[in-house]
Amino acid sequence: NAGVTQTPKFQVLKTGQSMTLQCAQDMNHNSMYWYRQDPGMGLRLIYYSASEGTTDKGEVPNGYNVSRLNKREFSLRLESAAPSQTSVYFCASSDGGFNQPQHFGDGTRLSIL
Amino acid sequence: GQQLNQSPQSMFIQEGEDVSMNCTSSSIFNTWLWYKQDPGEGPVLLIALYKAGELTSNGRLTAQFGITRKDSFLNISASIPSDVGIYFCAGNLGAQKLVFGQGTRLTINP
């Protein structure tokens, strides 16, 4: 039962470098999400994809881009990493909209020096 | 944007004690979800609530969707060491995003 799989689990970048965080789900869910989690701030939505072929901005989209590659995969890209993007990033999926329970991956811990 | 106030921020209890935490907001929510997060892992859904007044149990956990639709609480009875973690509430406002509380960190002394 893989559920939502995120890679990598850890990454250290230098300011200005780029990278792509990968996410895949095997539950045949239509909707996928990217969140960041910072101490004392809960989870904040970066981008989401309600269905294959669509993406929309969330609460904190600046500095990020996303691609819904197919129904299973939803990637998050940092084009020019900044120290303020140091965080734990979670991908989630759900069978339907925001009123449906979301299933989370185990996160990617990203440090930007 | 909309905010959820989750309290308490942290709890230190003895094993066997009951636990109660809640989330409140000035906004009316359509759905309340409660998640638990263990260290190094993603949040895991505990209970989902869809109707005002709904009271739902999952083992030793019980959660309620407040009548006003602006609040929800989670109770854990007879706590055990594996209950340690961070508990999050999340509320949905229809077509809009899911809003998360800041979390309640639960520590249990054996």
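Everything here concerns the structure above.
Residues numbered from 1 in each chain as written. Chains lettered and ligands numbered in written order. Predicted model: local features only at pLDDT ≥ 70, side-chain atom pairs only at ≥ 80, totals over all residues. Heavy atoms only, no water.

**What about the interface of chain B and chain A?**
What counts is decided by this rule: Any two residues whose heavy atoms approach within 4.5 Å are treated as being in contact. Using a 1.4 Å probe, buried area is obtained as the accessible area two parts lose upon being combined, added over both of them. Take a side-chain nitrogen of Lys or Arg and a carboxyl oxygen of Asp or Glu: if they are within 4 Å of each other, that pair is a salt bridge. Polar contacts, as counted here, are pairs of nitrogen or oxygen atoms within 3.5 Å of one another; within protein the pair requires one atom able to donate a hydrogen and one able to accept it, and residues that are adjacent in sequence qualify only if both atoms are side-chain atoms. Strands here mean DSSP runs of E at least two residues long; helices mean DSSP runs of H or I at least four residues long; both are numbered from the N terminus. Residue classes follow a fixed rule: Ala, Val, Leu, Ile, Met, Phe, Trp, Tyr, Cys and Pro count as nonpolar, while Asp, Glu, Lys and Arg count as charged, and any other residue, Gly among them, counts as polar.
Contacts between the two partners involve 21 residues from chain B and, on the opposite side, 17 residues from chain A. Summing both partners gives a buried area of about 1,500 Å² for chain B against chain A, and 59% of it is carried by carbon and sulfur. Summed over the three residues of chain B that lose the most area to chain A, namely B:Pro43, B:Lys97 and B:Phe100, the buried surface amounts to 31% of that side. Counting across the interface, chain B meets chain A through 0 salt bridges. There are 4 residue pairs in polar contact (both at pLDDT 80 or more) connecting chain B and chain A. Elements represented by at least two residues in the side of chain B that touches chain A include exactly β4 (31–37), β5 (44–49), β9 (85–92) and β10 (98–100) of chain B. Ranked by the residues each element gives to the side of chain B that touches chain A, the list is headed by β4(B), at 4 residues. Classifying every residue of the side of chain B that touches chain A gives 10 nonpolar, 9 polar and 2 charged.

**Details of the pattern of salt bridges**
Put simply, the rule is: Each residue is placed in one exposure class: buried if its accessible area under a 1.4 Å probe, protein chains only, is under 20% of its type's maximum, exposed if it is over 50%, and partly exposed if it falls in between.
Per the counting criterion, the structure on display carries 5 salt bridges over all chains. Of the charged contacts, one joins A:Glu79 and A:Arg77 as a salt bridge, the two residues approaching to 3.1 Å between their closest N and O atoms. The partner of B:Asp38 in a salt bridge is B:Lys36, and the shortest N-O contact between them spans 3.0 Å. For B:Lys36, a relative accessible area of 13% gives the class buried. Because the salt bridges share partners, they merge into one network encompassing A:Arg36, A:Asp38 and A:Arg44.

**Regarding the sheet that holds strand β1 (residues 4–7) of chain A**
All names here are of chain A. Our working definition: Here, any two strands with at least 2 DSSP bridges between them count as paired. Inter-axis angles, ranging from 0 to 180 degrees, are taken between N-to-C directions of lines fitted to C-alpha atoms, where helices are fitted over the stretch in contact.
The strand order across the open sheet formed by 4 strands is β1-β3-β8-β7, and the pairing between neighbours is antiparallel. Lying at the two open borders of the sheet, with one neighbouring strand each, are β1 and β7 (64–68). Within this sheet the neighbouring strands show an average axis-to-axis angle of 20 degrees, counted without direction. When β7 meets strand β8 (residues 74–78), the two strands line up antiparallel, connected through 5 bridges. Paired with Arg-68 across the two strands is Phe-74, which belongs to β8.

**Some thoughts on the sheet that holds strand β7 (residues 61–65) of chain B**
Residue and element names in this part refer to chain B. Strand order in the open sheet made by the 5 strands is β1-β3-β8-β7-β6, with antiparallel pairing throughout. Only two strands of the sheet have a single neighbouring strand rather than two, namely β1 (5–7) and β6 (55–58). Recorded for the sheet is a direction-independent mean angle of 15 degrees between the axes of neighbouring strands. Summarising the sheet, strand β3 (residues 19–24) and strand β8 (residues 71–76) pair through 6 bridges and their orientation is antiparallel. Directly across from Thr-24, in β8, lies its bridge partner Asp-71.

**Digging into the side chain of A:Ser93**
All names here are of chain A. Residue placement: Ser-93 occurs in strand β9 (residues 87–94). For Ser-93, the side chain forms a polar contact with the side chain of His-29, separated by 2.8 Å. If we ignore the near neighbours within four places in the chain, the residues touching Ser-93 are Val-4, Gln-25, Met-27, His-29, Ser-31, Met-32, Tyr-33, Pro-101, Gln-102 and His-103.

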